[in-house]
Amino acid sequence: MNATLSTPVALTAADRCDRCGAAAVVRAILPAGGELLFCGHHARQHSTRLEELEAQLHDTREN
Ligand SMILES: [Zn+2]
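Residues numbered from 1 in each chain as written. Predicted model: local features only at pLDDT ≥ 70, side-chain atom pairs only at ≥ 80, totals over all residues. Heavy atoms only, no water.

1. A few points about the nonpolar core
- Formed by C17, V25, V26, A28, L30, F38, C39, A43, L50 and A55, the largest nonpolar core amounts to 10 residues.
- Excluding its chain neighbours within four sequence positions, the residues that come into contact with F38 are C17, R19, A24, V25, V26, A28, A43, H46 and L50. (Core = buried A, V, L, I, M, F, W, Y, C linked by side-chain atoms within 4.5 Å. Buried < 20%, exposed > 50% of the residue type's maximum accessible area, 1.4 Å probe, protein only. Contact = heavy atoms within 4.5 Å.)

Have a look at this one:
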């Protein structure tokens, strides 16, 4: 398969957490398809679940 796995686009101020509407800092790409955006708080809160789903996390924060 040579499906194009496009490089995730950087998050902007327009990207909001799917849970609370705060500015998103983490993009989670699900292996089944689709993606979720999280603020720092919710990325942390859902990290275990995201790991179980084998989501690919892109943390845009510098650390
Ligand atoms: Zn949030």
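Next comes the rest of the account.
2. A few points about unusual backbone geometry
- For E54, which is not glycine, the phi torsion reads 60° and is therefore positive.
- Looking at E54, the relative accessible area reads 63%, which means it is exposed.

3. Some words on the sheet that holds strand β1 (residues 26–29)
- Taken in spatial order, the three strands make up an open sheet running β2-β1-β3, and their pairing is antiparallel. The sheet terminates laterally at β2 (35–38) and β3 (56–59), the two strands that pair on one side only. Each neighbouring strand pair of the sheet contributes to a mean axis angle of 20°, computed without reference to strand direction.
- Relative to β2, β1 runs antiparallel, the two being bridged by four bridges. Bridging across to β2, V26 finds its partner in F38. (Pairing = 2+ DSSP bridges. Helix = DSSP H or I, 4+ residues; strand = E, 2+ residues; numbered from the N terminus. Axes fitted to C-alpha atoms, helices over the stretch in contact; angles between N-to-C directions.)

4. Points about the coordination of the zinc ion
- Every protein donor of the zinc ion is listed here as C17 (SG), C20 (SG), C39 (SG) and H42 (ND1), and their distances to the metal cover 1.9 to 2.3 Å.
- For the zinc ion, the four donor atoms in the first shell make angles of 104 to 114° at the metal, so the coordination geometry reads as tetrahedral.
- Counting residues between consecutive donors of the zinc ion along the chain gives the motif C-x2-C-x18-C-x2-H. Of this pair, C17 sits in the segment before β1 while H42 sits in helix α1 (residues 40–45); the two residues are 25 residues apart in sequence, bridging distant segments of the chain. As far as burial versus exposure is concerned, C17 and H42 are alike and both buried. (Donors = N, O, S within 2.8 Å, 3.2 Å for Na, K, Ca; no water. Tetrahedral: all angles 85-135°; square planar, octahedral: opposite > 155°, others 65-115°.)

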